[in-house]
Amino acid sequence: MRHLLSVTDLDAASAIGLLDTADRLKQALLGREVRKLPTLRGRTVVTMFYENSTRTRVSFEVAGKWMSADTINVAASGSSVGKGESLRDTAATLAAIGADCIVVRHPASGAAHRMAHWAERDAATGAVGPTGPGSSTSVVNAGDGTHEHPTQALLDAATVRDRLGGIAGRRIGIVGDVLHSRVARSNVFLLATLGAEVVLVAPPTLLPVGVAAWPCRVGDALEDELPGLDAVMMLRVQAERMHGAFLPSAREYAVRYGLSERRAALLPDHAVVLHPGPMVRGMEIAPAVADAASSAVLAQVQNGVHVRMAVLYHLLAGAAA
Amino acid sequence: MTAELLIRSARPYGEGEPVDVLVRDGVVAEIGPGLAGSASVETLDADGLVLLPGLVDLHTHLREPGGEESETVATGSAAAALGGYTAVFAMPNTDPVADSAVVVEHVRRLGEEVGLVDVHPVGAVTVGLAGVRMAELGTMAASRARVRVFSDDGRCVHDPVVMRRALEYASSLDAVIAQHAEDHRLTAGAQAHEGVVAAQLGLAGWPAAAEETIVARDCALAREAGSRLHVCHVSSAHTIAVLRAAKAAGVRVTAEVTPHHLLLTDAALRDYDPVHKVNPPLRTGDDTAAMRAALAEGVIDVVATDHAPHAAQYKDTEWAAARPGMLGLQTALSVVVAACVETAMLDWRGVARVMSERPAEIGGLADQGRPIAVGEPATFCLVDPDGIWTVHGAALASRSTNTPYEGMRLPATVTATVLRGRITARDGKVAN
């Protein structure tokens, strides 16, 4: 594995391999006074976030530090157009500096693919060049526009596996703004790869045209689906969706698609509730549901660090291991 | 002294036995076997190749003035001549916009100075392409540039009142309004054809309805005005049905399709290389099939390149930041051969019709797209139907390299291009 750009790059075996590694790393850290493994000592991980993010950026940074990598946060803002250096030049520059891994979040779908292309091409032609023999830069997609967020899907899968003991054959609902959600895209394809039955519940305006080709089913009313779900993932609905005529009002969304306490009671007892955060309490999810025992929201965050450690390990140490 | 050119052993329209074509002072003087010119005659050995009337492109972006880092009239003219073209219509979305006699005459003069292809400026419909106030169509029509095609291409004339008035006004000038049919309210932020590929790639969709609805509206406006409407770069199968119905009802509407919408689909987008970003977007295999059938049927009248050069800094970016458009002039004929001739949907007569004769009629050119006959202008392209070549953007004559056909092997090569008896391109090189 050279890059992690899309969950569609992963087959079931490699995805499970990542989850298993995450589990092993989690065990290795348990009970340690100093949470530090030497695995990636001397490796440089650069995080480049062109969009605001707290949990994902910090999660990657912590993951790198716990593996003894040198992690560097580059504050990036705005798009590359008209605001200084192009994304192409940034990718080539970071590769030339000797970054072993670039973790990138960008508002443009496909930005991570392009960064991987530029880093590779420049290494191949020698125009900028790698820093040493066999050296090369890996790119991790930490969220590209409305396309994908692969490590989020991996941490969601890890959480579901922890709570339910497995993923294959489980029915998992994804509820909300699927159209604009990179979390939904990555989850649909990864969970399907892992053998889950995925059900989408969303207003028709927030489902992409072409969703019929996805490896999932578009479900009926939320009430009708909840009793059959082993896990339900609530997506964030951004306030600006009320303006583009996607939805009549936040109130109506909460009434039709929110996970209220009454609705949560329709879930089977073993079912787990997930949310990628940040949560809009009261609209997508009732506060009591978010904080209930069935809620895995904070477990997701914890698993995020271990999954990202596993990704960095497979990318940066995988070839040598 | 008269200038003579003898084309030896060519097959007009790829039909019948090879004949010689003797040209005198830019006009076909004789056609027949075993012709001989004077002692000073220049000869072009066609060796049984296909002779077509010179190609005419209704939709070219030459970028000059203002976009010289991407293309100039000189580099675009060279690409045109090498692609078999003898006339191109240069779109007005330059800087400054070609919305006045001054700018269209400037572009016309630049074309004459280069002299490789007839450059016919297209005038803007509205001042600054802003879609609000009609540009001085009459002044541009009466200028030395003799503008007969008006378009806000790149933008749709969205206001129905402005479009109606423009259609009405243009009818008094014997001109046509060429519409970029896109309801921008339906395509806000759009990055790709709305469908399966865009859904997975997370690219905002450009719905087919945004084209279809404007074409339907404009056909109704053209019907009521009794005016000529030309629809640029039709891309959706659904638009074909609208055009067919309008034509059957007697609306004076014509339409074009680009080579890329005949051959390429949105499946090419999967690696996010913006060389495949174009407006309207690449659509599905069903759409390309519908485009080919409509072209063969005549519902779509012509192939127009929408040749849109962009310098690397505007293209080698993340997808959303990249400018839409792709090169077309040097690959158009080969793509049409691959999409329509090799599939037996068009013969060489058909190619002449959709790439030369009909575009010249729509653009109001009296001396282009003419029959290959005695007394007609000697304006041709000579095509090797068995030639195969590999496309390399860096080897094309354009100033930019944004071809979506990079590395592809395409059929048919242009061996020579002749403009009024003068060879403008030969064996892959332009005339000095």
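Refer to the preceding data block for the structure.
Residues numbered from 1 in each chain as written. Chains lettered and ligands numbered in written order. Predicted model: local features only at pLDDT ≥ 70, side-chain atom pairs only at ≥ 80, totals over all residues. Heavy atoms only, no water.

## Some details on the overall build of chain A
For step 1, the next point in the chain: For chain A, the count of helices and strands is 11 helices and 9 strands.
For step 2, the next point in the chain: Here the C-alpha coordinates of chain A stretch approximately 60 × 50 × 35 Å along the principal axes.
For step 3, the next point in the chain: Out of the 321 residues in chain A, the part that is buried amounts to 55%.
For step 4, the next point in the chain: Within chain A, contacts between residues separated by at least 24 positions form 81% of all contacts whose residues are at least 6 apart in sequence.
For step 5, the next point in the chain: When the accessible surface of chain A is split by element, carbon and sulfur atoms take 53% of a total near 12,900 Å². (Helix = DSSP H or I, 4+ residues; strand = E, 2+ residues; numbered from the N terminus. Buried < 20%, exposed > 50% of the residue type's maximum accessible area, 1.4 Å probe, protein only. Contact = heavy atoms within 4.5 Å. Areas by Shrake-Rupley, 256 points an atom, 1.4 Å probe, with all protein chains shown as cover.)

## Details of the overall build of chain B
For step 1, the next point in the chain: Along chain B, the regular secondary structure elements total 12 helices and 19 strands.
For step 2, the next point in the chain: Relative to the compact-globule value of 22 Å for 432 residues, chain B shows a C-alpha radius of gyration of 21 Å, a close match.
For step 3, the next point in the chain: With the C-alpha coordinates aligned to their principal axes, the bounding extent of chain B is approximately 65 × 45 × 45 Å.
For step 4, the next point in the chain: Within chain B, the proportion of its 432 residues that are buried is 63%.
For step 5, the next point in the chain: Pairs at least 24 residues apart make up 74% of the contacts formed inside chain B by residues separated by at least 6 positions.
For step 6, the next point in the chain: As presented, chain B carries roughly 15,100 Å² of accessible surface, and 51% of it is formed by carbon and sulfur atoms.
For step 7, the next point in the chain: Across chain B, the mean location of the 36 positive side-chain charges is 4 Å away from that of the 54 negative side-chain charges. (Rg over C-alpha atoms; globule rule 2.2 N^0.38 Å. Lys, Arg positive; Asp, Glu negative; His and termini not counted. Charge placed at Lys NZ, Arg CZ, Asp CG, Glu CD.)

## Section: the layout of surface pockets
For step 1, the next point in the chain: By volume, the second largest pocket is sized at about 550 Å³.
For step 2, the next point in the chain: In terms of residue class, the lining of the second largest pocket is made up of 7 nonpolar, 13 polar and 7 charged. (1 Å grid on protein atoms, 1.4 Å probe; cavity = no way out; pocket = protein on both sides within 12 Å on 5 of 7 lines; lining within 4 Å. Points joined across faces, edges and corners; volume = space filled by probe spheres on them. Nonpolar A, V, L, I, M, F, W, Y, C, P; charged D, E, K, R; others polar.)

## Quick look at the interface of chain A and chain B
For step 1, the next point in the chain: Each partner contributes residues to the interface: chain A has 24 residues there, and chain B has 18 residues.
For step 2, the next point in the chain: At the boundary of chain A with chain B, total buried surface from both sides reaches about 1,500 Å², with 57% on carbon and sulfur atoms.
For step 3, the next point in the chain: Area buried by chain A at its contact with chain B is led by S109(A), R114(A) and V209(A), which between them contribute 33% of it.
For step 4, the next point in the chain: Viewed at the interface, chain B and chain A are joined by 3 salt bridges.
For step 5, the next point in the chain: Among the ionic pairs, D316(B) bridges to R88(A), the shortest N-O distance being 2.8 Å.
For step 6, the next point in the chain: Where the side of chain A that touches chain B is concerned, the elements lending two or more residues are helix 3 (87-97), helix 4 (111-125) and helix 6 (182-193) of chain A. (Buried area = accessible area lost by both parts, 1.4 Å probe. Salt bridge = Lys/Arg side-chain N within 4 Å of Asp/Glu carboxyl O.)

## With respect to the pattern of salt bridges
For step 1, the next point in the chain: Applying the stated criterion to the full structure yields 34 salt bridges over all chains.
For step 2, the next point in the chain: The partner of R43(A) in a salt bridge is D100(A), with the nearest N and O atoms 4.0 Å apart. A residue pair is termed long-range when its members are at least 10 positions apart, and R43(A) in the loop between helix 1 (12-29) and strand 1 (44-49) and D100(A) in the loop between helix 3 and strand 3 (101-106) qualify at 57 residues.
For step 3, the next point in the chain: R43(A) gets classed as partly exposed once you look at its relative accessible area, which sits at 29%.
For step 4, the next point in the chain: Judged by relative accessible area, which is 13%, D100(A) ranks as buried.
For step 5, the next point in the chain: Between R262(A) and E223(A) there is a salt bridge, with its nearest N and O atoms 3.7 Å apart. Of this pair, R262(A) sits in helix 9 (residues 261-264) while E223(A) sits in helix 7 (residues 222-225); the two residues are 39 residues apart in sequence, bridging distant segments of the chain.
For step 6, the next point in the chain: Among the residues examined, R262(A) registers a relative accessible area of 57% and is labelled exposed.
For step 7, the next point in the chain: Through salt bridges that share partners, R88(A), D89(A), R114(A), D273(B) and D316(B) make up one connected network.

## Some remarks on the nonpolar core
Side chains of a nonpolar character, in soluble globular proteins, are inclined to be buried together.
For step 1, the next point in the chain: Within the largest apolar cluster, 95 residues are counted, with the highest numbers of intra-cluster contacts made by L52(B), V231(B), L262(B), L295(B), M355(B) and F380(B).
For step 2, the next point in the chain: Looking at this core, the element that brings in the most residues is helix 11 (residues 332-341) of chain B, giving 7 residues.
For step 3, the next point in the chain: Those residues in contact with L295(B) that lie beyond four places of it in its chain are V257(B), L262(B), I300(B), D301(B), V302(B), V303(B), C340(B), L346(B), R353(B) and V354(B).
For step 4, the next point in the chain: Listed in part, the 64 residues of the second largest apolar core include L10(A), L194(A), L207(A) and V311(A). (Core = buried A, V, L, I, M, F, W, Y, C linked by side-chain atoms within 4.5 Å.)

## Describing the packing of helix 6 (residues 209-225) of chain B against helix 7 (residues 237-248) of chain B
Residue and element names in this part refer to chain B.
For step 1, the next point in the chain: With their axes 8 Å apart at the nearest point, helix 6 and helix 7 run at an angle of 10° to one another. One element, helix 6, and the other, helix 7, form an angle in the roughly parallel class. On helix 7, the residues that touch E211, E212, V215, A216 and C219 of helix 6 are H238, T239, V242, L243 and A246.
For step 2, the next point in the chain: For the contact of helix 6 with helix 7, the residue count by class is 6 nonpolar, 2 polar and 2 charged. (Axes fitted to C-alpha atoms, helices over the stretch in contact; angles between N-to-C directions. Parallel < 35°, antiparallel > 145°, perpendicular 65-115°, else oblique.)

## Focus: the pairing of strand 1 of chain A
Residue and element names in this part refer to chain A.
For step 1, the next point in the chain: Burial runs high along strand 1: 6 of the 6 residues are buried.
For step 2, the next point in the chain: Covered by surrounding structure in strand 1 are T44, V46 and M48 together with V45, T47 and F49, the residues of both alternating faces.
For step 3, the next point in the chain: Strand direction decides the pairing type here: strand 1 and strand 2 (residues 70-75), joined by 6 bridges, are parallel. Bridging across to strand 2, F49 finds its partner in A75.
For step 4, the next point in the chain: Taken together, strand 1, helix 2 (residues 55-66) and strand 2 constitute a β-α-β crossover, and its handedness is right-handed. (Pairing = 2+ DSSP bridges. Right-handed = clockwise from strand over helix to strand, strands pointing away.)

## Re the sheet that holds strand 6 (residues 55-60) of chain B
All names here are of chain B.
For step 1, the next point in the chain: In spatial order, the strands read 6-7-8; together these 3 strands make up an open sheet with parallel pairing. Looking at strand neighbours, the two that pair on one side only are strand 6 and strand 8 (118-121), the edges of this open sheet. Across the sheet, the axes of successive neighbouring strands diverge by a mean angle of 20°, strand direction being ignored.
For step 2, the next point in the chain: Pairing of strand 6 with strand 7 (residues 85-90) involves 4 bridges; the strand directions are parallel. By the bridge assignment, L55 is partnered in strand 7 with Y85.

## As for the packing of aromatic side chains
Residue and element names in this part refer to chain B.
For step 1, the next point in the chain: Following the criterion strictly, the structure yields 2 aromatic pairs over all chains and no others.
For step 2, the next point in the chain: The lysine or arginine in question, R323, covers the ring of Y314, its NZ or CZ lying 3.5 Å from the ring centre.
For step 3, the next point in the chain: Positioned above the aromatic ring of Y13 is the side chain of R349, whose terminal nitrogen or guanidinium carbon lies 3.8 Å from the ring centre. (Phe/Tyr/Trp six-rings, centres within 6.5 Å; stacked < 30°, edge-to-face > 60°. Lys NZ or Arg CZ within 6 Å of the ring centre and 35° of its normal.)

## Some words on unusual backbone geometry
Residues and elements named next belong to chain B.
For step 1, the next point in the chain: In the segment running from E64 into P65, the intervening peptide bond is cis, with an omega of 5°.
For step 2, the next point in the chain: Within the element layout of this structure, P65 appears in the loop between strand 6 and helix 1 (73-82).
For step 3, the next point in the chain: In the segment running from D95 into P96, the intervening peptide bond is cis, with an omega of 5°.
For step 4, the next point in the chain: Position of P96 among the secondary structure elements: in the loop between strand 7 and helix 2 (101-114).
For step 5, the next point in the chain: The phi angle at D47 is positive, at roughly 55°, despite the residue not being glycine.
For step 6, the next point in the chain: By the secondary structure assignment, D47 is in the loop between strand 4 (42-45) and strand 5 (50-53).
For step 7, the next point in the chain: Positive phi is not limited to glycine here, since D174 has a value of about 55°.
For step 8, the next point in the chain: Following the sequence through the fold, D174 ends up in the loop between helix 4 (160-171) and strand 10 (176-179).
For step 9, the next point in the chain: On the accessibility criterion, D174 (55% relative accessible area) is exposed.

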